Amino acid sequence: MHVTLIFPPHTLPLTPPVSLPLLTGFLREKGIKVKPLDLNCEALDHLLCPEVIQENYGILLKKNLKGRGVYHRDDIIKYKQVLVSSIEQAKNTMRSKRHFYSQSKLNWSVFLIQKAFELFSLSSYPHKFTFAGSDLVIDRQGTLLSASKVPTIFDDFLKKRAVDIARSKTRLLGFSVNSFTQLLYALKLARQIRQTCPNMHLTVGGTFLCAFKNYFKDFSPIFDLFDTVIIHEGEHALLDLVDYLRAGKPFNKCRNLIFKNNGRIQKSPLLFQEDPNSLPLPDFDGLPLGKYFVPETVVSLPLARGCYFGACTYCGYNHNFIGRYREETVSRIVEKIRSLQKQLKTRYFIFSVSALAPVLAKELSRQLVRNKIKIHWMSQARAEAAFDEDAFSALAKAGCRMLAFGFESANPRILGLMNKGIMPRDQKRVLKACKKNGIQVEVDILYNFLDEKPLELKDTLDFLYEHKSSITYLALNDFFVAMDSPIFWDPERFGLVVSAPTASRGIIKLFNGRVKWRTYARKNSGEEKKQKALILKDFLANMSEEGFRKASKKYLVNGRLTAQTNSVFNLLYSSRGSQTNEAHRPACRNP
């Protein structure tokens, strides 16, 4: 039995995806032949080459550029010449231990890559592409399948890979999808494969589709191309599908599955939660480790399933999991780290958890030091009272270089509405302790939460400005209603009213085969919105003067990605410390 697992485009190609090594390791332990394909990394590496840029430039010159931006043809010709001659050097710089840690060389390389995507965007107008992702213009009255037919810069690459997959011995093809855009690219590839391999079993899973598990009867457009949809955790679900293909096992005996039976979409009654202590080591063999756009292999290693707190009113993270929060034992985690460090020849780890539990953090730190395992790592965490001075000292000694905290607000009333379980005094103590122990800090803020008032937003921004010397990386996020969050299920209780679909922010939902947007009305008056916008503008201006940089999107600063605005880059830079000649300046990003 041959299985191929795919991670589709489009996101930053900096680390191997979390899902593929986990699923590959599990299936290979069961004696199943697995080929993992990180098509996201492969596709971006393919696009950023002189031949593709030259071809795209030729397409662009045949188009009417009126209304597509500020570029004149002379500007395009200039950038095209620079890109064709320098794009390979830009990629090599990002992958070079010698050049990556020069801030000026890194930023110049990322600048060139971003210019390449601006060229791609001009030729694909009105769609916009960046190094960090795709912003596709979709007909909101169309079906999901028609949305997946939107022409993109990845189409030629996906067609070629579809041919390769069709010629392989693959019987089960699985897609790991974490965003709406990835789903569209997965549908594109599935359509190509269906034309030549109608009998290949195609399945799709991942965090994005899991969010829609309660709407499985409306998954009809998915089943025009996929045979099954995996919800929640996928290890045993994939194993059951292998058994089905081998022996014709009924789908209703497969765990964590949605499938079509006699024209009706059904949900398997068998839901299964994985025991992280019984799962094998993640297997990275077959992934393009030398092709990621960083000079070191950075491993994303899950330590638990679910969130140990799990009570925030705005968060729907736990919809990916069944049952209670589950941790691996510290001894198993330590052995995994030791094995992966040796196999992959790396010392860089991202502990992939919703929030690192204080008890786990302390014991893991002690065991890493006791076993003399020298790694550099980062994780998300909560500003818990249990994270005391001794805890941060232990984390620093164990190689912790960066922690990301979801402060969300520094106003007590707003924190209460969020049910965060922390207060500004906890945030202040954590920042002070991290600074003392040399741990860099990312702070995430969620503004415009429910009926947040201008002075309440000012409380938060004043707190950030007061503690700016302790913050390395600041993320400012405009509140939206997350799928499966308590607010999503009961918006009226939180003072929100479901409004008619608009062209702005909202929730993407699958209903009757269509892509629909659902938005929520807030209580803020128009005058309050203007006041908050001015308060935020003044804050960003002041922070910029202090060395922070404004950001227009999650990973973009002034229209381009920089080392200061990505956690992977920050981990690598912080680990080098004084070895780099150029200072690592803090950064600020906002949507």
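Read on for a plain summary of the structure. (Residues numbered from 1 in each chain as written. Predicted model: local features only at pLDDT ≥ 70, side-chain atom pairs only at ≥ 80, totals over all residues. Heavy atoms only, no water.)

Next up on the list: the overall build of the protein chain. When helices and strands are counted, the protein chain shows 19 helices and 21 strands. When each of the 591 residues of the protein chain is scored for burial, the buried share is 59%. Here the contacts in the protein chain between residues at least 6 apart in sequence split such that 76% fall between residues at least 24 apart. Carbon and sulfur atoms form 50% of the exposed surface of the protein chain, whose accessible area is close to 24800 Å². (Helix = DSSP H or I, 4+ residues; strand = E, 2+ residues; numbered from the N terminus. Buried < 20%, exposed > 50% of the residue type's maximum accessible area, 1.4 Å probe, protein only. Contact = heavy atoms within 4.5 Å. Areas by Shrake-Rupley, 256 points an atom, 1.4 Å probe, with all protein chains shown as cover.)

Before going further, it helps to spend a moment on the environment of Gln531. Here Gln531 lies in helix H18 (residues 526-545). Between the C-alpha atom of Gln531 and that of Pro454, which follows or precedes it by 77 residues, the distance is 6.2 Å.

Further remarks concern the pairing of strand E14 (residues 376-381). Side-chain direction in a regular strand flips from residue to residue, so the side chains alternate between the two faces of the sheet. Of all the 6 residues making up E14, 5 are buried; the element is thus mostly covered by neighbouring parts of the structure. For the crossover that starts at strand E13 (residues 348-352), traverses helix H12 (residues 358-370) and ends in the parallel E14, the hand is right-handed. Here E14 pairs with strand E15 (residues 400-408) via 5 bridges, running parallel. Counted as the bridge partner of Trp377 is Cys400 from E15. Handedness of the crossover joining E14 and E15 through helix H13 (residues 389-397) is recorded here as right-handed. (Right-handed = clockwise from strand over helix to strand, strands pointing away. Pairing = 2+ DSSP bridges.)

Turning to the packing of helix H11 (residues 330-344) against H12, a few remarks are in order. Closest axis-to-axis distance for the H11/H12 pair is 10 Å, and the angle between their directions is 50°. Judged on the interaxial angle alone, H12 and H11 are oblique. Crossing hand, H11 versus H12: right-handed. Contact residues: Val330, Ile333, Val334 and Ile337 in H11; Leu360, Glu363, Leu364, Gln367 and Leu368 in H12. Class assignment of the residues belonging to the contact of H11 with H12 gives a composition of 7 nonpolar, 1 polar and 1 charged. (Axes fitted to C-alpha atoms, helices over the stretch in contact; angles between N-to-C directions. Parallel < 35°, antiparallel > 145°, perpendicular 65-115°, else oblique. Left-handed = near helix turned anticlockwise from the far one by under 90°. Nonpolar A, V, L, I, M, F, W, Y, C, P; charged D, E, K, R; others polar.)

Turning next to the side chain of Ser354. Assignment of secondary structure puts Ser354 in the loop between E13 and H12. For Ser354, a relative accessible area of 18% gives the class buried. Sequence-distant contacts of Ser354, that is, excluding residues within four places in its chain, are made with Gly306, Cys307, Tyr317 and Gln380.

Our next topic: the pattern of salt bridges. Enumeration over the complete set of coordinates arrives at 29 salt bridges. The salt bridge involving Glu296 is made with Lys97; its shortest N-O contact spans 3.7 Å. One end of the pair, Glu296, is in the loop between strand E9 (264-267) and strand E10 (298-302); the other, Lys97, is in the loop between helix H4 (73-94) and helix H5 (103-123), with 199 residues separating them in the sequence. Take Glu296: its relative accessible area is 15%, and that puts it in the buried class. The residue Glu408 makes a salt bridge to Lys420 at a minimum N-O spacing of 3.9 Å. (Salt bridge = Lys/Arg side-chain N within 4 Å of Asp/Glu carboxyl O.)

Taking strand neighbours across the sheet as the criterion, the 7 strands line up as E2-E1-E5-E6-E7-E8-E9 in an open arrangement whose pairing is mixed. For this open sheet the edge positions go to strand E2 (33-38) and E9, each flanked by a neighbour on one side alone. The mean inter-strand angle of the sheet, taken between neighbouring strand axes irrespective of direction, is 20°. Relative to strand E6 (residues 201-205), strand E5 (residues 172-176) runs parallel, the two being bridged by 5 bridges. In the strand pairing of E6, Ser176 is matched with Gly205. Contacting strand E1 (2-7) and E2, helix H2 (residues 39-47) runs over the sheet at an angle of about 45° to E2. Set on the sheet, helix H10 (residues 235-247) makes contact with E1, E5, E6, strand E7 (228-230) and strand E8 (257-261); between it and E6 the angle comes to about 170°.

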